[in-house]
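Structure assessment
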Amino acid sequence: MVSETAQVSCQTNGEAKKNPQKESHGQGFNGKRKNLCFDGTRASPCNGEVCNDECVLRTSNTDTDGNMDAEPEADLLLKKSRVQKEMTFQDMYNNQDLFDDDDDDSDWEPIQKHVEITKWFCTNCTMVNYDDILHCDICGEHKESGILRHGYFASPFLQDAGPTEFDSEVEERYKDIGSQDSALKHSTVVGFDERMLLHSEVKMKSHPHPERPDRLRAIAASLATAGIFPGRCYPISAREITKEELQMVHSVEHVESVELTSHLISSYFTPDTYANEHSARAARLAAGLCADLASAIFSGSAKNGFALVRPPGHHAGVRQAMGFCLHNNAAVAALAAQVAGAKKVLIVDWDVHHGNGTQEIFEQNKSVLYISLHRHEGGKFYPGTGAAHEVGTKGAEGYCVNVPWSRGGVGDNDYIFAFQHVVLPIASEFAPDFTIVSAGFDAARGDPLGCCDVTPVGYAQMTHMLNAVTGGKLLVILEGGYNLRSISSSALAVIKVLLDESAGCELANGTPSKAGLQTVLEVLKIQMNFWSTLESRFTELQSQWGIHFFDNKKKQLKKRRRGGAPIWWKWGRKRLLYHFLGGHLHVKSKSF
């Protein structure tokens, strides 16, 4: 029986080896079926008869070559049947070839069920999350957040409850409010137009673009929920800036290249600077609002203002659009203020990225002082410009001031310290007639791009400090900022200062970080060559903080020495060594 089984196995294996192509096409069983019945211990063929035990049906494909090989194969099956009657499960396992049909399943793969992994993008920070969680892994925002309806006042942990009675009240305010010239004179004016929301990336790539229409929606919702706009602030009618006005800032080629995008559904100036068919108009509206706000504030038609605009502008230079920016809104506003009569304009840029476009436009202009505080990290942080030694060119040296942070995580204390010792002293000596803030809120706590730690209170304090420089003639222009909660809470804090609601927004004088202090000292050392008021300040800070850090180093050194030897050495045989390592051993020299 064993030899017969071995012989059958060799034949079947030999058959497979001789003609694998034939085997793969299923020839041999001529369409007949065989059933194997299992009685718990043995297997036997049931020859198609009805069986009470469980049967496993064995099938083969139809023999396409006819019945020429039917008889030899029938004899082979009878031999297999006789062998199977005497075999146990273990025997069957060791002689699996006996039960193989002629189909070659070497290339068989199980049908893999396609499981689609659904994901959602956080409304607040745009980060990707999987569908089985309700709160963003990065910022904790609820999947169905209400931040676009109520701004940062909406709970980040709860789903949006839908329309409320308050929403209808806000709509009524929008209907009732108008351009009241008599009220504007002593009011804060907000520049906003819904057509700027049409500027968006047509085709989403790996995740939503950080510079998206929701940025304006979240800020507008926060202002509306707080009853500030519409309410206590007044709108200014929007207009599109003219080509002639743009060409005072940008080259003709740049203006035409932006206009060309209005004929294209989707286009890119750089891999991260997109445009659609509405982008050129949105950029013209943003620049036009900034120009009119600057003129209105300087002429006294408005007290101060906030430009709630996009696309941002401070990366847009004379000839290029980049960094999400198409037209340079701050530069347009500065020249508009000068047309209205301002002789000297101060631009303070606290966006976490250096405003390379604004610097390029005014680096040879002594009538505009540009001061930027930004992450730099030796040129490794976007856009790589803005080192402390970049001070202006061709007779305008000193009219470009860069405060380049050497690391991320910079917070309120460092910014306020830089304002106290760099920004305000230089601004005071410059004595501007008008102040513009390029207010990017991407240095705010929680921003996915900036990774810094400035709070709404910090932004409010900086606004309060700048408000006094030009007697309240201040225009704040939105630049970057990509965490909706951060930008909406920070923008609201800034506008409250413009409304003279700065109570409780003052920070105590905190200690700057060591890296922040070193940056400020580096800037002072360079800029004191152009601003006489800085020399005494640099000397004072160097001596004051030099002693402070020297004392800290001594304390740290003593602490390390005290921990240099195990405490049990003090009372053991190594007592002398303990005192020596701890610095407690004093050897007196013997006089002769």
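Residues numbered from 1 in each chain as written. Predicted model: local features only at pLDDT ≥ 70, side-chain atom pairs only at ≥ 80, totals over all residues. Heavy atoms only, no water.

**So, the overall build of the protein chain**
Helix and strand counts for the protein chain stand at 20 helices and 15 strands. When the accessible surface of the protein chain is totalled, it reaches about 30200 Å², and 52% of it is carbon and sulfur. (Helix = DSSP H or I, 4+ residues; strand = E, 2+ residues; numbered from the N terminus. Areas by Shrake-Rupley, 256 points an atom, 1.4 Å probe, with all protein chains shown as cover.)

**Quick notes on the nonpolar core**
Generally speaking, soluble globular proteins have nonpolar side chains that are buried together. In this structure, Trp 350, Phe 434 and Phe 441 are the most contacted members of the largest nonpolar core, which totals 114 residues. Among the elements that line this core, the one with the most residues is helix α12 (residues 279–299), at 12 residues. Not counting residues within four places of it along the chain, the set of residues in contact with Phe 441 comprises Phe 306, Trp 350, Asp 447, Tyr 459, Leu 478, Gly 480, Gly 481, Ile 487, Ser 490, Ala 491 and Val 494. (Core = buried A, V, L, I, M, F, W, Y, C linked by side-chain atoms within 4.5 Å. Buried < 20%, exposed > 50% of the residue type's maximum accessible area, 1.4 Å probe, protein only. Contact = heavy atoms within 4.5 Å.)

**A short note on empty space enclosed by the protein**
Enumeration over the complete set of coordinates arrives at two cavities of 30 Å³ or more. Lining the second largest cavity are Trp 405, Ser 406, Arg 407, Val 410, Asp 414, Ser 513, Ala 515, Gly 516 and Thr 519. Broken down by element, the lining of the second largest cavity gets its largest block of residues, three residues, from helix α18 (residues 514–527). Classifying every residue of the lining of the second largest cavity by side-chain character gives three nonpolar, four polar and two charged. (1 Å grid on protein atoms, 1.4 Å probe; cavity = no way out; pocket = protein on both sides within 12 Å on 5 of 7 lines; lining within 4 Å. Points joined across faces, edges and corners; volume = space filled by probe spheres on them. Nonpolar A, V, L, I, M, F, W, Y, C, P; charged D, E, K, R; others polar.)

**What about the sheet that holds strand β15 (residues 474–478)?**
One open sheet holds the eight strands; their spatial order is β7-β6-β10-β15-β14-β11-β12-β13, and the pairing between them is parallel. The open sheet terminates on both sides in strands that have one partner only, identified here as β7 (234–235) and β13 (400–405). Alignment of strand β14 (residues 434–439) against β15, held across five bridges, turns out to be parallel. Residue pairing for β15: Ala 439 is matched across the bridge by Leu 478. (Pairing = 2+ DSSP bridges.)

**A few points about the side chain of Asn 276**
For Asn 276, the location among the structural elements is in strand β9 (residues 273–276). Exposure remark for Asn 276: the relative accessible area of 4% places this residue in the buried category. Excluding residues that lie within four positions of it along the chain, Asn 276 makes contacts with Leu 198, His 199, Ser 200, Val 202, Thr 261, Leu 264 and Ile 265.

**Points about the environment of Phe 362**
Tracing the backbone shows Phe 362 in helix α14 (residues 356–362). Judged by relative accessible area, which is 4%, Phe 362 ranks as buried. Taking the C-alpha atoms as reference points, Phe 362 and Ala 396, 34 residues apart in sequence, are found 8.9 Å from one another. With residues up to four places along the chain from it excluded, the contact list for Phe 362 reads Ala 331, Ala 334, Leu 335, Ile 347 and Val 368.

**Describing the environment of Ala 331**
For Ala 331, the position within the fold is in helix α13 (residues 329–339). Residues in contact with Ala 331, not counting those within four places in the same chain, are Val 249, Ile 361 and Phe 362.

**Topic: the packing of helix α16 (residues 456–467) against helix α17 (residues 484–498)**
One way to put it is that α16 packs onto α17 with a least axis distance of 8 Å and a crossing angle of 30°. Considering the angle they form, α16 stands roughly parallel to α17. When you trace α16 past α17, the crossing you get is right-handed. Seen from α16, the contacting residues are Pro 456, Tyr 459, Ala 460, Thr 463 and His 464; seen from α17, they are Ser 489, Ser 490, Ala 493, Val 494, Val 497 and Leu 498. In terms of residue class, the contact of α16 with α17 is built from seven nonpolar, four polar and no charged. (Axes fitted to C-alpha atoms, helices over the stretch in contact; angles between N-to-C directions. Parallel < 35°, antiparallel > 145°, perpendicular 65-115°, else oblique. Left-handed = near helix turned anticlockwise from the far one by under 90°.)

**A short note on the pattern of salt bridges**
Following the criterion strictly, the structure yields 17 salt bridges and no others. We note a salt bridge from Arg 485 to Glu 141, for which the minimum N-O separation is 2.6 Å. Residue Arg 485 is located in helix α17, and its partner Glu 141 is located in the loop between β5 (128–130) and α5 (147–150); the two are separated by 344 residues in the primary sequence. One exposure class covers both Arg 485 and Glu 141, and it is buried. In this structure, Asp 292 and Arg 239 form a salt bridge, with 2.9 Å as the shortest nitrogen-oxygen distance. With Asp 292 in helix α12 and Arg 239 in the loop between β7 and α10 (243–246), the pair connects residues that are 53 residues apart, well separated along the chain. Judged by relative accessible area, Arg 239 falls into the partly exposed class, the value being 28%. Each member of the salt-bridge network shares a partner with another, and the members are Glu 240, Glu 259, Arg 281 and Arg 284. (Salt bridge = Lys/Arg side-chain N within 4 Å of Asp/Glu carboxyl O.)

**So, the packing of aromatic side chains**
According to the stated counting rule, one finds eight aromatic pairs in the structure shown. Taking 6.0 Å as the distance between ring centres and 75° as the angle between the ring planes, the aromatic pair formed by Tyr 399 and Phe 430 counts as edge-to-face. Separated by 31 residues along the polypeptide, Tyr 399 in the loop between β12 (368–375) and β13 and Phe 430 in helix α15 (residues 412–430) bring together distant segments of the chain. Across this residue pair, the class does not change: Tyr 399 and Phe 430 are buried. Centroid distance Phe 441 to Tyr 459: 4.9 Å. Interplanar angle 90°. Geometry classified as edge-to-face. Taken together, the residues Phe 441 in the loop between β14 and α16 and Tyr 459 in helix α16 connect sequence positions 18 residues apart. (Phe/Tyr/Trp six-rings, centres within 6.5 Å; stacked < 30°, edge-to-face > 60°.)

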